[in-house]
Amino acid sequence: MKLKEALTKIPDPRAQNRQYPLWGLLGLILVAFLCRVDSLRGVARFARENPELLPLLGLRKPPGHYTVTTILHRLDPQDLQEALRSVFPEADLAAVLVADGKVLRNSRKGNAPQVKLVEVLALHLHTTLAQARAEGRESEALLELLGRLGAEGLAGRLVVGDAGYLYPKVAREVVEKGGTTSSS
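Residues numbered from 1 in each chain as written. Predicted model: local features only at pLDDT ≥ 70, side-chain atom pairs only at ≥ 80, totals over all residues. Heavy atoms only, no water.

Observations regarding the overall build of the protein chain
Secondary structure assignment for the protein chain yields seven helices and five strands. Starting at the N terminus, the α and β elements of the protein chain follow one another as α-α-α-α-α-β-β-β-α-β-α-β. With respect to the principal axes defined by its C-alpha atoms, the protein chain has extents near 50 × 45 × 30 Å. Within the protein chain, the fraction of its 184 residues that count as buried is 35%. Counted over contacts in the protein chain with a minimum sequence separation of 6, partners at least 24 positions apart contribute 48%. Summed over its atoms, the accessible surface of the protein chain is roughly 11,200 Å², and 53% of this surface lies on carbon and sulfur atoms. (Helix = DSSP H or I, 4+ residues; strand = E, 2+ residues; numbered from the N terminus. Buried < 20%, exposed > 50% of the residue type's maximum accessible area, 1.4 Å probe, protein only. Contact = heavy atoms within 4.5 Å. Areas by Shrake-Rupley, 256 points an atom, 1.4 Å probe, with all protein chains shown as cover.)

In C-alpha cells form, the structure reads like this:
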C-alpha cells in the first residue's frame, strides 16, 4: 500500500471546516522528521522553507505550528500506527524500546526539587518496562534502567530517545547489551 493511500484512511478528528487535508499534514510531518527536523515548530518552519513540497502533499500553503500540534493531539495514535504498519509491514515494533524523561507536575514543594523520572517503554506493549528517578542527569538514570534490563533485554532491540540521551556512555551501554540506538 502507498503512504498517501494509507494516510487517507485515517479518520480525521477535526470539524468539517478544515483547511488542510489530514493525509497532507501527516505526510508533511513524516517528511520533515525524515529530514531530521526535531520539533513541531521545526515542521512548520520546514513547510515554509520548502514550498515546492506543499502541492505534492495536497497543501496550498504551509500550516502553522498550532495546526501541526493540534492535529497530533487530536489524532488517535492507534489509527496512525495501523496506517504506517500497512505501508511498512516488516516493521517489528516488538524490537523497539523508547527512553523518555518526565518531570512530575506539582512535585516541587517548598525547597524540595522537582521529581524527574526516566522510563523505558515497550512500544508494542504500550507499557513501561522500567522506571527510575533521575537524581542528577537523566542519562545516568537511563544507564541504571539499562542495567536492570540486562543484556538479554536489549539483544536485537532498537532503543529510541530524544537527543538528551545521545551521550556516548549511554550509546556504548546499549550497544554492549546487543541493541542499537537512534534519536528522535
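Looking at the packing of helix 3 (residues 40–49) against helix 4 (residues 65–74)
Running from N to C, helix 3 and helix 4 cross one another at 130 degrees; their axes reach a closest spacing of 8 Å. It follows that helix 3 is oblique to helix 4 by the angle criterion. Handedness of the crossing formed by helix 3 with helix 4: right-handed. Residues Leu40, Arg41, Val43 and Ala44 of helix 3 form the contact with helix 4, whose participating residues are His65, Val68, Thr69 and Leu72. Here the residues of the contact of helix 3 with helix 4 sort into five nonpolar, two polar and one charged. (Axes fitted to C-alpha atoms, helices over the stretch in contact; angles between N-to-C directions. Parallel < 35°, antiparallel > 145°, perpendicular 65-115°, else oblique. Left-handed = near helix turned anticlockwise from the far one by under 90°. Nonpolar A, V, L, I, M, F, W, Y, C, P; charged D, E, K, R; others polar.)

Some points on unusual backbone geometry
The residue Arg36 is not glycine, and still its phi comes out positive at about 70 degrees. Position of Arg36 among the secondary structure elements: in the loop between helix 2 (22–34) and helix 3.

Here we look at the nonpolar core
If you look at soluble globular proteins, the nonpolar side chains tend to sit buried side by side. Of all hydrophobic cores here, the largest spans 23 residues; its most connected members are Ile10, Leu22, Leu26, Leu28, Val43 and Leu59. Only helix 1 (3–8), helix 2, helix 3, helix 4 and helix 5 (77–87) provide two or more residues apiece to this core. Ranked by the residues each element gives to this core, the list is headed by helix 2, at seven residues. When sequence neighbours within four positions are dropped, the list of residues in contact with Leu22 reads Ile10, Pro11, Asp12, Pro13, Arg14, Ile71 and Leu75. (Core = buried A, V, L, I, M, F, W, Y, C linked by side-chain atoms within 4.5 Å.)

A look at the domain arrangement of the protein chain
Taken domain by domain, the protein chain consists of domain 1 (3–87) and domain 2 (90–181). Using C-alpha coordinates to define each centre, domain 1 is positioned 28 Å away from domain 2. (Domains from an automatic or database assignment.)

Concerning the pattern of salt bridges
Tallying each qualifying case throughout the model produces two salt bridges. Between Arg14 and Asp12 there is a salt bridge, with its nearest N and O atoms 2.7 Å apart. On the accessibility criterion, Arg14 (14% relative accessible area) is buried. A residue is classified by how much of its surface remains accessible, and Asp12, at 24% relative accessible area, is partly exposed. We note a salt bridge from Asp12 to Arg18, for which the minimum N-O separation is 3.3 Å. Salt bridges here are not isolated pairs; linked through shared partners, they connect Asp12, Arg14 and Arg18. (Salt bridge = Lys/Arg side-chain N within 4 Å of Asp/Glu carboxyl O.)

Topic: the environment of Leu154
Within the element layout of this structure, Leu154 appears in the loop between helix 6 (138–149) and strand 4 (158–161). Along the backbone, Leu154 and Leu97 are 57 residues apart, and their C-alpha atoms lie at a distance of 8.5 Å. Ignoring anything within four residues of it in the chain, the contact list for Leu154 reads Leu97, Leu146, Leu149, Val159, Val174, Lys177, Gly178 and Gly179.

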